[in-house]
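# Chain and residue survey
If you want the building blocks of each chain, they are given just below.
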Amino acid sequence: MSSSSLAGLAALALSSLTESQLSFIQNLPKAELHAHLNGCIPISILRQLAESYHPPSPSAPDISEIQNGLETLDNFNLDSIHEFFGAFRTIYALISTREALATATRTVLSQFLEGHPPECTYLELRTTPKHTSTLPLHEYLDAVLSEVERYPPDRAALILSLDRRMPIADRSVISVGKIIGEAIRLKNEGRRVVGIDLCGDPLAGDMTLLEPYIANAKAAGLRITLHIAETTQNPPKETLQLLAYGPHRLGHATFLDEEAKEKVIKEGMAIEICLSSNLICKTVPRLSAHHISYYLERNHPIAICTDDTLPFRNSLTAEYALLLAPPPIGLGLTEAQVERIAKNSLEVAFN
Ligand code: IMP
Ligand code: ZN
């Protein structure tokens, strides 16, 4: 079993900081705006959940598959972003009861919000709603929201993710239409849903069909963030289509062409930057080539985020350490620049 939950460049950057730099980062008010619930459950909690796991259906993973899946997750070695999504089958099996999902959610919230000082001042957690025989959709949503709502609104909120592989209109299954409908219903009932995300396999699905759904969500007061241009294979036309929906923030936005960049800058769409995620998934070859520099040079709003703390073995503090640590470990930004980035993150939150 691996010895530490932190590894890679972010861990190195963190260990390179002086005490005063570390304390500076830890005490900066900041928001984590791009964290996927099921990608942020610590391996120790997954192992604990595995102890009481019973396959909920004949097609669900059996105990030995779960054990193998946990070993893979604990020794994650990604060769490309496309290998990433298979890793979630084990996690989804382990959170397939309300009790397990509540435990996982509480742990993730506390991982970000309960330290002294906490990893972030405000957490906007996101999750893709699920429906299984042991955990119907309404229960999934209520379980996660009930944990989020233990915190005051200025500390935690929830974004519902659409997965690019989902059907669009069929409301009898988990579809884009179904999730947007649920998000609007929950918001109108006063529950803590603040936005909609688009995530999942970056090459799946037909993104031309989303427009009326995104428009409905916006009309209901929900804010929009979209994973966009994550790979070189995402066509520029698709990227422009997604930008035309008028999202408030963008996830990754790694491969925007000039036309797209111009629109993003002009319309002030904030970028959720996930440094370790991009390096580990090899969509960015090295820190010095990261598109964060483009936005920093233009004083464009960005938020530093973890994405998935389990596979990427990072933390928000370690991601901020990458900003401050001198090259080649980090970007060597000044404390004033880092402070501005942290302030940005709070300004572009959906709460
Ligand atoms: P969940 O939505 O809480 O189940 O969190 C895990 C899910 O987040 C994965 O199944 C993916 O669909 C999604 N996800 C996590 N990281 C990324 C990413 O970098 N790009 C696209 N989707 C992602
Ligand atoms: Zn993501």
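Residues numbered from 1 in each chain as written. Chains lettered and ligands numbered in written order. Predicted model: local features only at pLDDT ≥ 70, side-chain atom pairs only at ≥ 80, totals over all residues. Heavy atoms only, no water.

Put simply, the rule is: UniProt positions are given in the numbering used here, feature names are shortened, and annotations may be inferred rather than shown by experiment.
Under an unreviewed UniProt entry, the chain has the name Adenosine deaminase domain-containing protein and belongs to Collybiopsis luxurians FD-317 M1. The heading Cofactor (unreviewed entry) in the UniProt record of the chain holds the text "Zn(2+)". The record in UniProt for the chain states the following under Catalytic activity (unreviewed entry): "N(6)-methyl-AMP + H2O + H(+) = IMP + methylamine".

## Quick look at the environment of Asn-314
Note the threshold: Helix numbers and strand numbers start at the N terminus; a helix is a DSSP run of H or I with at least 4 residues, a strand a run of E with at least 2. By the convention used here, residues are in contact when the closest approach between their heavy atoms is within 4.5 Å.
Relative to the elements of secondary structure, Asn-314 occurs in the loop between helix 14 (309–312) and helix 15 (316–324). Between the alpha carbons of Asn-314 and Thr-127 there is a distance of 19 Å; along the sequence they are 187 residues apart. Contacts of Asn-314, omitting those with residues within four sequence positions, involve Ser-5, Leu-6, Ala-10, Ser-276, Thr-306, Asp-308, Thr-309 and Glu-319.

## Observations concerning the coordination of the zinc ion (ligand 2)
Selection criterion: Note that water is not among the atoms considered, so a metal site may appear incomplete; the donors listed are N, O and S atoms within 2.8 Å of the metal, with 3.2 Å applied to Na, K and Ca. Square planar and octahedral assignments, for four and six donors respectively, both demand that opposite donors be over 155 degrees apart and that all other angles lie between 65 and 115; tetrahedral needs four donors with all angles between 85 and 135 degrees, and anything else is irregular.
Here the zinc ion (ligand 2) is held by the protein donor atoms His-34 (NE2), His-36 (NE2), His-227 (NE2) and Asp-307 (OD), which lie 2.1 to 2.2 Å from it. Here the zinc ion (ligand 2) is ringed by four donor atoms whose angles at the metal span 82 to 168°, and the overall shape comes out irregular. Each donor residue of the zinc ion (ligand 2) lies on the same chain, and together they follow the pattern H-x1-H-x190-H-x79-D. Placement of His-36 in strand 1 (residues 31–36) and of His-227 in strand 5 (residues 223–228) is noted, with a sequence separation of 191 residues between them.

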